[in-house]
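Geometric and topological summary
Listed below are the residues making up each chain.
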Amino acid sequence: PGSSFKPLYFAEAIDKRLITAGEIIRDEPTTFGDWSPNNYDYKFRGAISVRDTLGQSLNIPAVKVMEKLGIRTAIDTANRMGIGTLDPDKAESYGLSLALGAGEVRLLDMTNAYAAFANAGEQTAATTIRKITSKYGETIYEHRPEFKKVQSAQAAYIISDILSDTMAKLPTFGTSLTITDRTVAVKTGSTDNNHDA
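Now for a description of the structure that goes with this document. Here the structure is a predicted model, which is why all the values come from computation and not from measurement.

**Let's talk about the overall build of the protein chain**
- When its secondary structure is counted, the protein chain shows eight helices and six strands.
- Ordering the α and β elements of the protein chain from the N terminus gives α-β-β-α-α-α-α-α-β-β-β-β-α-α.
- A compact globule built from 197 residues would reach a C-alpha radius of gyration of about 16 Å, and the protein chain, at 18 Å, matches this within 12%.
- Across its three principal axes, the protein chain shows a C-alpha extent of roughly 65 × 45 × 35 Å.
- Burial analysis of the protein chain (197 residues in total) assigns 44% to the buried set.
- In the protein chain, the proportion of contacts linking residues at least 24 apart, taken out of those at least 6 apart, comes to 65%.
- Surface summary for the protein chain: the accessible area is close to 10,800 Å², and the carbon and sulfur share equals 50%.
- Positive and negative side-chain charges in the protein chain, numbering 22 and 24 respectively, have mean positions lying 5 Å apart.

Put into structure tokens, the structure is as follows:
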């Protein structure tokens, strides 16, 4: 998933009051054990808010958030939000690179996790059929979704607000992620030397 994984554990860190959207984190060269991650542009911004960190998809502050939250908690959060491909018992083998989306996920699982942000932290199982009617207009089948709470409404709101904040994204993405006639929450996710997105 690359950086599209970040909002999942940022939401949990916000919910656990480990960070706030306005908190300042240092974006500077940092070594975690024997790993020294970089930002996509190999530049550092110094003191930057969590809001701008997530909006600009900065890696070093994101790893610091993952380190504060814990890898296992991040995996548990992803599992609760429907990402079934990450094994909490292998937390140490993922390491902090999981903060940058180094674990494999299914696209449908990821899109459904994002649906929880739009639904105040509630989620339903994905479905491909909403309704079946006969040629006479009679309803033969209608899907009745059952919602479950996977994240707090507060954390879901904050993440959605950050991901729809044009000014937070502007320094990195310019207006390329801006939809002018509506508010849209957007997050990029690049992997493999920015080859896959």
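Anyway, onward from the coordinates.
**A few points about the pattern of salt bridges**
- The full count for this structure, using the stated rule, is 13 salt bridges.
- A salt bridge links D76 to R72, with the shortest nitrogen-to-oxygen separation between them at 3.8 Å. Of this pair, D76 and R72 are both found in helix 4 (residues 71–80), four residues apart, which corresponds to roughly one turn of the helix.
- Judged by its relative accessible area of 34%, D76 is partly exposed.
- A relative accessible area of 42% places R72 in the partly exposed class.
- Several salt bridges share partner residues, and in doing so they unite E12, K16 and R80 into one network.

**Comments concerning empty space enclosed by the protein**
- Evaluated as defined, the whole model comprises one cavity of 30 Å³ or more.
- Here the largest cavity defines a volume of roughly 30 Å³.
- L54, G55, L163, K169, F173, L177, V186, K187 and T188 are the residues that line the largest cavity.
- For the lining of the largest cavity, the secondary structure elements donating two or more residues are helix 2 (50–56) and helix 8 (166–173).
- Within the lining of the largest cavity, the residues separate by chemical class into five nonpolar, two polar and two charged.

**Considerations on the nonpolar core**
- Counting residues in each nonpolar core, the largest one holds 42 residues, and the members touching the most others are F5, L8, Y9, F10 and M66.
- Listing elements by their share of this core, those giving two or more residues are helix 1 (6–15), helix 2, helix 3 (59–69), helix 4, helix 5 (91–94), helix 6 (107–118) and helix 7 (153–163).
- Sorting elements by how many residues they give to this core places helix 1 first, with six residues.
- Discounting chain neighbours no more than four positions away, the residues touching M66 are F5, Y9, I71, A74, L96, L98 and A99.

**Focus: helix 1**
- Along helix 1, nine of the ten residues are buried, which leaves the element largely enclosed by surrounding structure.
- Among all positions of helix 1, only K6, P7, L8, Y9, F10, A11, E12, A13 and I14 are buried.
- The secondary structure elements touched by the buried residues of helix 1 are helix 2, helix 3, helix 4, helix 6 and helix 7.
- Of the residues flanking the end of helix 1, it is R17, one or two places downstream, whose phi is positive at about 60°.

**Details of the pairing of strand 5 (residues 139–142)**
- Where strand 4 (residues 131–133) meets strand 5, three bridges bridge the pair, whose relative direction is antiparallel. The residue bridging T133 from the neighbouring strand is T139, located in strand 5.
- In this structure, the hairpin formed by strand 4 and strand 5 is closed by a connection of five residues, where G137 is found at a positive phi of approximately 85°.

Parameters and conventions
Residues numbered from 1 in each chain as written. Predicted model: local features only at pLDDT ≥ 70, side-chain atom pairs only at ≥ 80, totals over all residues. Heavy atoms only, no water. Helix = DSSP H or I, 4+ residues; strand = E, 2+ residues; numbered from the N terminus. Rg over C-alpha atoms; globule rule 2.2 N^0.38 Å. Buried < 20%, exposed > 50% of the residue type's maximum accessible area, 1.4 Å probe, protein only. Contact = heavy atoms within 4.5 Å. Areas by Shrake-Rupley, 256 points an atom, 1.4 Å probe, with all protein chains shown as cover. Lys, Arg positive; Asp, Glu negative; His and termini not counted. Charge placed at Lys NZ, Arg CZ, Asp CG, Glu CD. Salt bridge = Lys/Arg side-chain N within 4 Å of Asp/Glu carboxyl O. 1 Å grid on protein atoms, 1.4 Å probe; cavity = no way out; pocket = protein on both sides within 12 Å on 5 of 7 lines; lining within 4 Å. Points joined across faces, edges and corners; volume = space filled by probe spheres on them. Nonpolar A, V, L, I, M, F, W, Y, C, P; charged D, E, K, R; others polar. Core = buried A, V, L, I, M, F, W, Y, C linked by side-chain atoms within 4.5 Å. Pairing = 2+ DSSP bridges.

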